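Commentary on secondary and tertiary structure
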Amino acid sequence: MSLCRFLPNPSDRMAIVWSLLSIKDSLILEYGPAGTTHFSMGLYGSLGVDWKQVLFTTHMDEDDVVMGDVSRLEKAIVELDTNYHPKVIFVLASSISSVIGTDIKGVCNYMQKEVNARLIAFEQGGFRGDYSVGLTEVYKLLVNNLVEANSEKKEGTYNIIGASMGNYRMASDIWEIKNLMKEGFSYTLNTCLCSQTSVDQIKQMAAAELNIVLSFEGLEAAELLLERYNIPYVYMAPYGYRQTLEFLQKVSEIVKKPIHKSLQMRIKGKLNNLAMYKMAGMMGRKPRFNYKAIVKGNYDLVKNMSSYLEEVGITVSDKICSHSTKNIKNISDDIKFYTDERDYLQIVRAARKCLVMGDDVFLEQADNTNIKVRTGFPFIKGSQIATHMPLMGEKGADYILEWIDMYYQM
Amino acid sequence: MTLQGKDIIAKMEKLSNVKTVKDIPQLTNAMFPGTHCPLMGAAMAVGGIENSMIVVIGTDECTYYAKNMTIGSEKFGGINGRCVSVVLDDHDVTFGSTKTMHSAFAQIMEEYSPECVFLVTTCIIEIIGDDYDAIAEELSEQYNIPVMAVHTEHFKCEDHFPGLERTITACAAMMKKCPCDNSVNILGQRLGNFAATELYKVLKDAGVKIGMQLPSGCTVEEIKKAAGAKVNIVVHDIALPLAKKMKSKFGIPYIYFNRFCEPEKIYENYQNLFSYLQLEMPKEIYVKFEAVKKAVEDSKEVLKGITYIYGNTPYYCFEINSFLCSLGMIPQVIQSNKFDSNDQVYVAKILQNIDPYICKSANIAPLQYVYDELKPYLYMGHEFAARLRAKGIAIVHSDAASNMLGFEATLFLLMQLEKSVNEAKTYRKELLI
């Protein structure tokens, strides 16, 4: 890899940890140096996930590394099981244990008979790809290992898959999806992978009528649930009014229920206003320059947010994906992932009078002739407290529209 | 949960049985939160050296956390600042990172023009065995600036202090022999502001020039000229290897002026310091000495018999505990990741009064059950205040002592202790203990 001036992309392992931290009644045990675990707490805290006495480390010393001694790991597993009685212990490899070839899965297999907790091994040590790879893996592994077949069907419920706490405003986006599903169909959330969930909730995922997949990383898990338990899914991260209506329409087709009229009328009204707004924007205020945007973020955000912006007459000149795109099927050609920072730096540093959307690091590189909107992680200024300020759905569309309006007025 | 305080205590060792750090037990194999990493220590040290750069070589994870730590720091220059990294992928792990490093370094020189660079290697580099000492030497010759390798693999050490120690010790390579300018260097202040300390004021009032302050704040140029000092003042153990190196290389003597609590020890340090400086010791030192001795005597009435658990403070672990014992306080558990021959003198003093339990630090999860068993009044160090209060225990906050050296550190400690004892008594009344 080349020089990294800012924050590198979080690894697969980091995404696995921040996802697992959202699962109540489970503990995470990292088999690696304690410093990595301690150092990581600042990041996880900023994502809004609680790590206190959930995330443990064995530490590793030279003997463990040189001799491949895993007794420390074995003892730690027994200790956590005896002392905390978790339903599941997720045993995670580290970069060191991966490189020296520790058989974490093997240890979990033979230790399983010694403990009551279910042991689930994650062997990703941070070398299999970036956080996007980790998210795909964690959703899939959770579905494979925990979901039970004999769950009684719960009518009027759905699961969310692909809600990564590593996404900016994810808690708010979940809140918005819940509101839309409640108001549109009187449906309630069964399980969310992975935010504020529990081992039991994941076990009962098969009870839901429908899966809502908010990111492509959740697709493989959704396919597994379709194949095994015949649960259909809707894959869409809805940004803007049109997409929100489309999303509701897709759900409606699957659950075979009409969208509640008042919700439908309200969003349609806003969509109509958007068209008028766009005309007013163009006619009332003569364009003084080419309205242009640059969007950087997760694949689904980049793709769908760009569509929203294009609906209101803003050309998205650069669509920059913040993670590797090699696992995305049918990816649009205009969405790029740059492995060398210099490539995207060149783009953002050259931007003038643009609407720039992205994370704080990216926004910092754009000069002040631009309108900058934080839509991604990492954020380095301030904090993320509200859980009712989404980027997705109707409320998210309102919020983004305010920025668009500001941009038109600049 | 079924952790039992008695079981946890049974895993502890008595201080009298400890001969080396290996005798200090880790309470559990699964730790929370665990110790800090030497990489963090290295980043802290480089933060204090203006115009230098830190290049972290490691996994996405190590490099992410190191950069994340520096983003909010003005010293580092925020997001665009002087902490960068070379992130290793599986190709680098298999075939080595030398080529990648050379290419990244060329970009660093072009974009940042640093005056010196610290190549900080992490666990993975030490496992794959890339020779960063040689790489640093090559780069140093190629670009004609000091480039130093600092090794921070955590599996070979206990906590973050080796990272600080190795970074500042590496600076010796930049120093050149130069004429004595009668200054003093301040070595090893890792936190706080030396200019806010009593020692600084004493030196300033005596007209002593302050030279390099490493790692609390200096420039590369000051490091290069540091050998012009008359005396090195070592304010923390992390600087002892550097001080010894400077003594053997340049003949500069050093005073070990840690953040001591015992007034006699502090007074003796002042005497030695002014003797090395060949200056008369200011009279105010004696006045302060007498005042602090009186404060110590006065505090005994409040502090005698007060039990506590020692976690982590800016003070010197065994010296502060020995001092607290001399006040009549009772250490029930001492947590420490360090134990060497220098500690023996203080350990002997502690053992004259009591034989406390000892265990490794940075593992507060199992301690929750120990509190119920031992019921201490005070916890000295970092813990969650609300949950301690629910058990009738008050925290002694002492982080502010990072800005103190000299008698002021003792006075501040006494003040905090008395305050916390009063709090603990109130909590215990609330809980009807």
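Here, every reference points to the structure presented above.
Cut-off values and rules
Each chain carries its own residue numbering, running from 1 in the direction its sequence is written. Ligands are numbered from 1 and chains lettered from A, in the order in which they are written. Only residues with pLDDT of at least 70 get local features here, since the model is predicted, and only at 80 or more are side-chain atom pairs given and counted; chain-wide, interface and lining totals rely on the full set of residues. Hydrogens and water molecules were not included; the side-chain quantities draw on all heavy atoms of the structure. Only runs of H or I of at least four residues qualify as helices and only runs of E of at least two qualify as strands under DSSP, and these elements are numbered from the N terminus. The size measure is the radius of gyration over C-alpha atoms, and the globule rule it meets is 2.2 Å times the number of residues to the 0.38 power. Buried residues are those whose accessible area, probed at 1.4 Å on protein chains only, stays under 20% of the maximum for their type, while exposed residues exceed 50% and partly exposed ones sit between those limits. All accessibility values rest on the Shrake-Rupley procedure with a 1.4 Å probe; residue burial counts only the protein chains present in the view. For the purpose of charge, His is not counted, nor are the chain termini; Lys and Arg are scored as positive and Asp and Glu as negative. Throughout, a charge is located at the NZ atom of Lys, the CZ atom of Arg, the CG atom of Asp or the CD atom of Glu. Between the rings of Phe, Tyr and Trp (Trp by its six-membered ring), a pair exists once the centres lie within 6.5 Å; its type follows the angle of the planes, with under 30 degrees stacked, over 60 edge-to-face, and the other angles tilted. Strands qualify as paired when DSSP identifies two bridges or more between them. Here, two residues are considered to be in contact whenever any of their heavy atoms come within 4.5 Å of each other. Buried area adds together the accessible area that both of two parts lose upon being put together, with accessible area traced by a 1.4 Å probe. Criterion for a salt bridge: a side-chain nitrogen of Lys or Arg within 4 Å of a carboxyl oxygen of Asp or Glu. Grid points spaced at 1 Å and placed over the protein atoms alone form the basis of the search, with a cavity being a set where a 1.4 Å probe fits but cannot get out and a pocket an open set showing protein on both sides within 12 Å along at least five of seven lines. Lining residues have an atom within 4 Å of a point. Grid points are joined across faces, edges and corners, and a volume is the space filled by probe spheres set on the points. In this classification, Asp, Glu, Lys and Arg are treated as charged, Ala, Val, Leu, Ile, Met, Phe, Trp, Tyr, Cys and Pro as nonpolar, and every other residue, Gly included, as polar. Axis definition: a line fitted to C-alpha atoms, limited for helices to the stretch in contact. Angles are taken between N-to-C directions and run from 0 to 180 degrees. These descriptions rest on fixed angle ranges, namely under 35 degrees for roughly parallel, over 145 for roughly antiparallel, 65 to 115 for roughly perpendicular, and the rest for oblique. Take the far helix as your reference; a near helix turned counterclockwise from it by less than a right angle gives a left-handed crossing, and one turned clockwise gives a right-handed crossing. A crossover gets the label right-handed when its path from the first strand over the helix to the second runs clockwise, viewed with the strands pointing away from the viewer.

Take the overall build of chain A next. Regarding its fold elements, chain A presents 16 helices and 16 strands. Expected size for 410 residues packed as a compact globule is a radius of gyration near 22 Å; at 22 Å, chain A falls within 12% of this value. Reported as C-alpha extents along the three principal axes, the dimensions of chain A are approximately 75 × 50 × 35 Å. Burial statistics for chain A: of 410 residues in total, 61% are counted as buried. Working note: accessible area of chain A is about 15,900 Å², and carbon and sulfur atoms make up 50% of it. If you average the places of the 46 positive and of the 48 negative side-chain charges in chain A, the two averages end up 8 Å apart.

With that out of the way, let us pick up the packing of aromatic side chains. Under the defined criterion, the tally for this structure stands at 29 aromatic pairs over all chains. Judged by centre distance (5.9 Å) and plane angle (65 degrees), the ring pair of Phe90(A) and Phe122(A) falls under edge-to-face. Residue Phe90(A) is found in strand β5 (residues 88-92), and its partner Phe122(A) is found in strand β6 (residues 118-122); the two are separated by 32 residues along the sequence. Assigned by exposure class, Phe90(A) and Phe122(A) land together as buried. Considering the side-chain rings of Phe318(B) and Phe339(B), the 5.4 Å spacing of their centres and the 85 degrees angle between planes classify their relative orientation as edge-to-face.

For the rest of this paragraph, the subject is the sheet that holds strand β16 (residues 394-396) of chain B. All names here are of chain B. Spatially, the six strands line up as an open sheet ordered β1-β14-β13-β12-β15-β16, and their pairing is mixed. The sheet is open, and its two borders are formed by β1 (13-14) and β16, each paired with just one other strand. Two elements, strand β12 (residues 307-310) and strand β15 (residues 378-380), share three bridges in a ladder whose sense is parallel. Looking at β15, one finds that tyrosine 308 is bridged to leucine 378.

So, about the interface of chain B and chain A. Listed by partner, the interface residues are 56 residues for chain B and 58 residues for chain A. Interface of chain B and chain A: buried area, both sides summed, is about 5,100 Å²; carbon and sulfur atoms make up 64% of it. Taken as a group, Asn29(B), Tyr64(B) and Tyr65(B) account for 15% of the area that chain B buries against chain A, more than any other trio of residues on that side. The salt bridge partner of Glu61(B) is Arg13(A), with a shortest N-O separation of 2.8 Å.

With that out of the way, let us pick up the pattern of salt bridges. Across all of its chains, the model carries 40 salt bridges over all chains by this definition. Note that Asp181(B) and Lys209(B) form a salt bridge whose closest N and O atoms lie 3.1 Å from each other. One end of the pair, Asp181(B), is in the loop between α8 (161-170) and β7 (183-187); the other, Lys209(B), is in strand β8 (residues 209-214), and 28 residues separate them in sequence. Looking at Asp181(B), the relative accessible area reads 32%, which means it is partly exposed. Look at Lys209(B) and you get partly exposed, because its relative accessible area is 45%. Between Glu262(B) and Lys349(B) there is a salt bridge, and its shortest N-O distance comes to 3.3 Å. In this pair, Glu262(B) sits in the loop between β11 (254-256) and α12 (263-277) while Lys349(B) sits in helix α15 (residues 344-353), placing the two residues 87 residues apart along the sequence. Judged by relative accessible area, Glu262(B) falls into the buried class, the value being 13%. Residues participating in the shared-partner salt-bridge network are Glu183(A), Arg266(A), Lys270(A), Glu394(A), Lys395(A) and Asp398(A).

Here the focus is unusual backbone geometry. Residue and element names in this part refer to chain A. Note that the residue after leucine 193, namely cysteine 194, is joined by a cis bond; omega there is -5 degrees. Mapped onto the fold, cysteine 194 is located in the loop between β8 (188-193) and β9 (197-198). For the peptide bond that leads from phenylalanine 377 to proline 378, omega is 10 degrees, which places it in the cis range. Position of proline 378 among the secondary structure elements: in the loop between β16 (371-374) and α16 (393-409). Even without being glycine, asparagine 230 reaches a positive phi, approximately 55 degrees. Its location among the elements puts asparagine 230 in the loop between α10 (219-229) and β11 (233-235).

Residue and element names in this part refer to chain A. In the structure shown here, the tally under the stated rule is six cavities of 30 Å³ or more. In this model, the largest cavity occupies a volume close to 160 Å³. Lining the largest cavity are 23 residues, and of these Asn167, Met170, Tyr239, Asn298 and Leu301 sit closest to its centre. Of all the elements, helix α7 (residues 131-146) adds the most residues to the lining of the largest cavity, at three residues. Residues of the lining of the largest cavity, tallied by class, amount to 12 nonpolar, eight polar and three charged.

Now for the packing of helix α1 (residues 12-20) of chain A against helix α2 (residues 34-46) of chain A. All names here are of chain A. Relative to each other, α1 and α2 sit at 65 degrees, their axes nearing to 12 Å. The orientation of α1 with respect to α2, classified from their angle, is roughly perpendicular. You can see that α1 and α2 cross each other, and the crossing is right-handed. Across the interface between the two elements, Arg13, Met14, Val17 and Trp18 of α1 pack against Thr36, Leu43 and Tyr44 of α2. Tallied by class, residues from the contact of α1 with α2 come to five nonpolar, one polar and one charged.

Residues and elements named next belong to chain A. For strand β12 (residues 292-297), a buried count of five out of six residues is recorded, marking the element as mostly surrounded by other parts of the structure. The pairing of β12 with strand β13 (residues 315-321) spans six bridges and is parallel. Within the sheet, the bridge partner assigned to lysine 292 lies in β13 and is threonine 315. A crossover links β12 with its parallel partner β13, the connecting element being helix α13 (residues 299-311), and its sense is right-handed. Bridge count for β12 against strand β15 (residues 354-358) is four bridges, and the pairing is parallel.

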